[in-house]
Amino acid sequence: MMKFLQNLGKSLMLPVAVLPVAAILVGIANWIIGVSDGPNVVTSFLLTAGLAILSNLALLFAVGVSIGMANKSDGTSALAGLVSWLVVTSLLAPSSVMNLLNRGWTTVPVDEEGGPVGTADYWQAVEVNGQTVVQMPDINEAFAPGAFQNAFIGILCGIIGAVCYNRFKDIKLPDALSFFSGRRSVAIITAAVSMIVALILLFLWPLVYTGLVNFGEWIVGLGAVGTGLYGFGNRMLIPFGLHHALNSVFWFDVAGINDLTNFLTGEGEFGVTGQYMTGFFPIMMFGLPGAALAMYVTAKSKRKKIAYGILLSASFASFFVGVTEPLEFAFMFLAPPLYFVHAVFTGLSMAIAQLLPVRMGFGFSAGFVDLVLNWQNPMAENPWIILIMGPIWFAVYFFVFRWIILRFNLKTPGREDEDPADDDGAATTSGGDFVPVAGRFLEALGGADNILELDNCATRLRMEIADKSKIDEAALKRAGAAGIIKPGGKSVQVIYGLDVQFVKSAMDQIISGEVAAPVAAAPAPVVAEPSDAAVATVEAPATVVTLRQPLPGAVIALDQVPDKTFASGMMGPGLAIEPSAGTVVAPADAQIVTVFPTGHALGLRTSDGTEILIHVGLDTVKLKGEGFEPLVKTGDTVTAGQPLLNVDLAVIEAAGYSTVTPIVVMNDKSAVIELT
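Residues numbered from 1 in each chain as written. Predicted model: local features only at pLDDT ≥ 70, side-chain atom pairs only at ≥ 80, totals over all residues. Heavy atoms only, no water.

Caption draft 1: Quick peek at the overall build of the chain. On a plain count of helices and strands, the chain comes out with 22 helices and 19 strands. Classification of the 676 residues of the chain by burial places 50% in the buried group. Residue pairs at least 24 apart in sequence account for 73% of intrachain contacts in the chain once pairs closer than 6 positions are excluded. Approximately 30,700 Å² of the chain is accessible, and the part contributed by carbon and sulfur atoms is 60%. (Helix = DSSP H or I, 4+ residues; strand = E, 2+ residues; numbered from the N terminus. Buried < 20%, exposed > 50% of the residue type's maximum accessible area, 1.4 Å probe, protein only. Contact = heavy atoms within 4.5 Å. Areas by Shrake-Rupley, 256 points an atom, 1.4 Å probe, with all protein chains shown as cover.)

Below, the structure is given as structure tokens:
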């Protein structure tokens, strides 16, 4: 489930990246309107451009999620997500719901302007017995215009599109329908699935909506506690797009509160009106930017630039305009525990603001623009207190978020699990000389169908195998494996060497059909081994490899390393260091053969062909790059003593992993390392 949410969170980054610009356009337009006493050509231009994006958030999510969650999407999944969104929102529009439920129109009271009393967008004026009356659809308010054009529906439709794409993109239909085989079938099937989903929502959605309204009316009488519960519920409902139902109870005239309208018109009660809006200002203007700073400082070094671009613009939108979606959706699904903490903090801010003598409201959202424009509103009480609460919440968000992210290794922006193929330091290959090895490995592992998951670290393949009994270990070793490890369960590791990433890439290409699997070679002839009695064993002389010590610290024998793969010599001969500082330098003049994407291991090849592995810490691949900053990339030529890698040893120790660093010769079993 967590992996699904993280994939969803990453998929949302594509549409979220465009939201801050739209929010800023809207904010600037509202600012100009406030200071110039009305709209003009410039504000209309800016508002139209900004709202074109913000008003279509659901559509952006439908397309973005369908692209991000599809397996190797080619654009077909985006079309499927769009089809799903169109089907669901069209079927659940007011006019469609009236027909589906066989409902008509009902007469409603008229206000002074000749429209329906309350906030209703879908109504008609008709002549009845010579008198003009106003009618509205006889359906639940949950089906009001735009009710289904929210983030939840967009995400749901995106998931439907991606799932249908993954499942049916390769389907083969009978010859008579062959035109619709494969990718052409995806949109059709998506439409059918979306019709079923819309039918379910037709009966489920009003129950949820009505329940939220009843809940809102109940917490009105709970004072500050109720205000805090409202703030918490408001944030928790954002992912589902249902916060508007809860807001309507407090901001408009659903339960007689009408907090937003009364504040803007100045017709409320001083010291009371605004209590259901005030607490949002410290969170949106200061708290969330503090969270963004925490996510930035904890991002992986090589991904900080990406995180910076997203988080800075999103923070500006949150502070200036009060549009929080770009920030919230940036970690909502990547790190759900953080979002829960954010909801709790919002509830606390709302409760504290009600208890203090401070009241403020907004017309658009709780950002700097609305704070300035409403500073002199007759319902505003001590607005300066918000500027004191804000920095406090900034500090709370920053320190709490930073601690939680590091303590639980949460995948906030810049800390996501990386795909080696996406990393700048990872070399790629189109198969080449590694296809034969990959083919033999697949055969020895029981075939492609026997491999459930395939990944690699610096020197080994890491796999989940359906049936371990099908593995031919002898064939793996004949194909080039240095050793096989079975940690438990379905996990299997095959040790290969510094070029393992190329073998893994070739295996992926064979499994996907991008390259043809090589014809199995004839088995090597079996040559009888001479008996020990007939032949005396002659040991090869040791090869002394003299290296500069790559890390300061105590040197220990390799068999003292608390990892059987290294200690047994399976990876090759060598030694290890218990480091006292975290800068790894080149042990000799060499070429960088590989820099693993998570930065925890480096492979070098010296001028005489000796291959050296420096593996910083044990099991540190699980840190996913946290604490490692590579200073070189694959293919670089380095000189002895040149810095290769910065390591934060405290991060490794805090995560519970050993910092012991093996240095191993990969291609000479007789080698003996001497450090200078």
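There's more to say after this.
Caption draft 2: Focus on the environment of Met507. Mapped onto the fold, Met507 is located in helix H20 (residues 500-512). Judged by its relative accessible area of 0%, Met507 falls in the buried class. Measuring from C-alpha to C-alpha, the distance between Met507 and Arg440 comes to 9.7 Å, with 67 residues separating the pair along the chain. In this view, Met507 contacts Ala438, Phe441, Leu442, Leu445, Ile451, Leu454 and Leu461; residues no more than four positions away in its chain are not counted.

Caption draft 3: Representation of the side chain of Thr598. Relative to the elements of secondary structure, Thr598 occurs in the loop between strand S12 (590-595) and strand S13 (601-606). A distance of 2.7 Å separates the side chain of Thr598 from the side chain of His600, its partner in a polar contact. Beyond its immediate sequence surroundings of up to four residues, Thr598 is in contact with Lys302, Val621, Lys624, Gly625 and Phe628. (Polar contact = N/O pair within 3.5 Å; in protein donor to acceptor, adjacent residues only side chain to side chain.)

Caption draft 4: A look at helix H18 (residues 434-444). Burial of H18 is extensive: eight of the eleven residues sit out of reach of the surface. Taken residue by residue, H18 has Phe434, Val435, Val437, Ala438, Gly439, Phe441, Leu442 and Ala444 as its buried positions. Against the buried residues of H18 lie strand S4 (451-456), strand S5 (460-465), helix H19 (473-478), strand S7 (491-495) and H20. Directly beyond the C-terminal end of H18, a positive phi value near 95° is found at Gly446.

Caption draft 5: Summary view of the packing of aromatic side chains. Applying the stated criterion across every chain, the model contains 22 aromatic pairs. Relative to Tyr276, the ring of Phe250 has its centre 4.7 Å away and its plane inclined at 45°; by these criteria the two rings are tilted. A residue pair is termed long-range when its members are at least 10 positions apart, and Phe250 in helix H10 (residues 243-251) and Tyr276 in the loop between helix H11 (259-265) and helix H12 (280-297) qualify at 26 residues. According to the relative accessible area criterion, Phe250 is buried, its value standing at 0%. A residue is classified by how much of its surface remains accessible, and Tyr276, at 3% relative accessible area, is buried. Summarising the aromatic geometry, the rings of Trp403 and Phe408 are spaced 6.1 Å apart at their centres and angled 90° between planes, so their arrangement reads as edge-to-face. Taking relative accessible area as the criterion, Phe408 reaches 49% and is therefore assigned partly exposed. Feature note: the residues Tyr230, Phe250, Trp251, Tyr276, Phe280, Phe281 and Phe362 constitute an aromatic cluster, connected by ring pairs. For the cation-ring pair, Lys304 lies above Tyr296, with the distance from its terminal atom to the ring centre recorded as 4.9 Å. Above the plane of the ring of Phe408 lies Arg407, whose end atom (NZ or CZ) is 5.3 Å from the centre. (Phe/Tyr/Trp six-rings, centres within 6.5 Å; stacked < 30°, edge-to-face > 60°. Lys NZ or Arg CZ within 6 Å of the ring centre and 35° of its normal.)

Caption draft 6: View of the sheet that holds strand S16 (residues 637-638). Taken in spatial order, the seven strands line up as S9-S10-S18-S14-S13-S12-S16 in an open sheet, and their pairing is antiparallel. This sheet does not close on itself; its edge strands, each paired only once, are strand S9 (553-557) and S16. Summarising the sheet, S13 and strand S14 (residues 611-615) pair through five bridges and their orientation is antiparallel. Paired with Arg605 across the two strands is Glu611, which belongs to S14. (Pairing = 2+ DSSP bridges.)

Caption draft 7: Spatial organisation of the confidence of the model for the chain. Residues with a pLDDT of 70 or more make up 80% of the chain, whose mean pLDDT is 80. Contacts for the low-pLDDT stretch residues 419-432, under 50 throughout, to residues beyond four places or in other chains number 21 contacts. (pLDDT = per-residue confidence, 0-100.)

Caption draft 8: Focus on unusual backbone geometry. Phi at Asn409 takes a positive value of approximately 50°, unusual for a residue other than glycine. For Asn409, the location among the structural elements is in the loop between helix H17 (386-408) and H18. The exposure class of Asn409 is partly exposed, given its relative accessible area of 23%. The residue Lys624 is not glycine, and still its phi comes out positive at about 55°. In this fold, Lys624 is placed in the loop between S14 and strand S15 (628-630).

Caption draft 9: Structural view of helix H13 (residues 304-320). The end-to-end C-alpha separation of H13 is 23 Å, in line with the 24 Å expected for 17 residues at 1.5 Å each. Listing the buried residues of H13 in full gives Ala307, Ile310, Leu311, Ala314, Ser315, Ala317, Ser318 and Phe320. Positive phi shows up at Gly322, right after H13, with a value of about 85°. (Expected span 1.5 Å × (residues − 1).)

Caption draft 10: Main features of the environment of Arg407. Structurally, Arg407 is set in helix H17. A sequence separation of 247 residues divides Arg407 from Ala654, and the C-alpha atoms of the two residues are 8.1 Å apart.

Caption draft 11: Spatial organisation of the pattern of salt bridges. Counted under the stated rule, the structure contains six salt bridges. With a shortest N-O distance of 3.0 Å, Glu473 and Lys486 are connected by a salt bridge. With Glu473 in helix H19 and Lys486 in strand S6 (residues 483-488), the pair connects residues that are 13 residues apart, well separated along the chain. Looking at Glu473, the relative accessible area reads 34%, which means it is partly exposed. For Asp508, the salt bridge goes to Lys504, with nearest N and O atoms at 2.9 Å. Of this pair, Asp508 and Lys504 both sit in helix H20, four residues apart, roughly one helical turn. Among the residues examined, Asp508 registers a relative accessible area of 29% and is labelled partly exposed. Given the relative accessible area of 13%, Lys504 is considered buried. (Salt bridge = Lys/Arg side-chain N within 4 Å of Asp/Glu carboxyl O.)

Caption draft 12: Structural context of the nonpolar core. Residues Tyr230, Phe250 and Trp251 are the most contacted members of the largest nonpolar core, which totals 66 residues. Broken down by element, this core gets its largest block of residues, eleven residues, from H12. Residues from two domains meet in this core; each of domain 1 (1-93 + 148-228) and domain 2 (259-408) gives at least three. Not counting chain neighbours up to four residues away, the residues in contact with Trp251 comprise Tyr230, Asn258, Asp259, Leu260, Thr261, Tyr276, Met277, Phe280 and Phe362. (Core = buried A, V, L, I, M, F, W, Y, C linked by side-chain atoms within 4.5 Å. Domains from an automatic or database assignment.)

Caption draft 13: Structural context of a nonpolar patch on the surface. On the surface, a cluster of nonpolar side chains totalling about 470 Å² of accessible area is made up of Ile196, Ile200, Leu204, Leu207 and Val208. Mapped onto the elements of the fold, Leu204 is located in helix H8 (residues 184-219). (Patch = residues over 30% accessible without salt bridge, like charges linked within 9 Å, V, L, I, M, F, W, Y side chains within 5 Å.)

Caption draft 14: Spatial organisation of the packing of H18 against H20. Where H18 contacts H20, the axes come no closer than 8 Å and their chain directions differ by 70°. One element, H18, and the other, H20, form an angle in the roughly perpendicular class. As for the relative orientation of H18 and H20, their crossing is right-handed in sense. Contacts between H18 and H20 involve Phe434, Val435, Val437, Ala438, Gly439, Phe441 and Leu442 on the former and, on the latter, Phe502, Val503, Ala506, Met507, Ile510 and Ile511. (Axes fitted to C-alpha atoms, helices over the stretch in contact; angles between N-to-C directions. Parallel < 35°, antiparallel > 145°, perpendicular 65-115°, else oblique. Left-handed = near helix turned anticlockwise from the far one by under 90°.)

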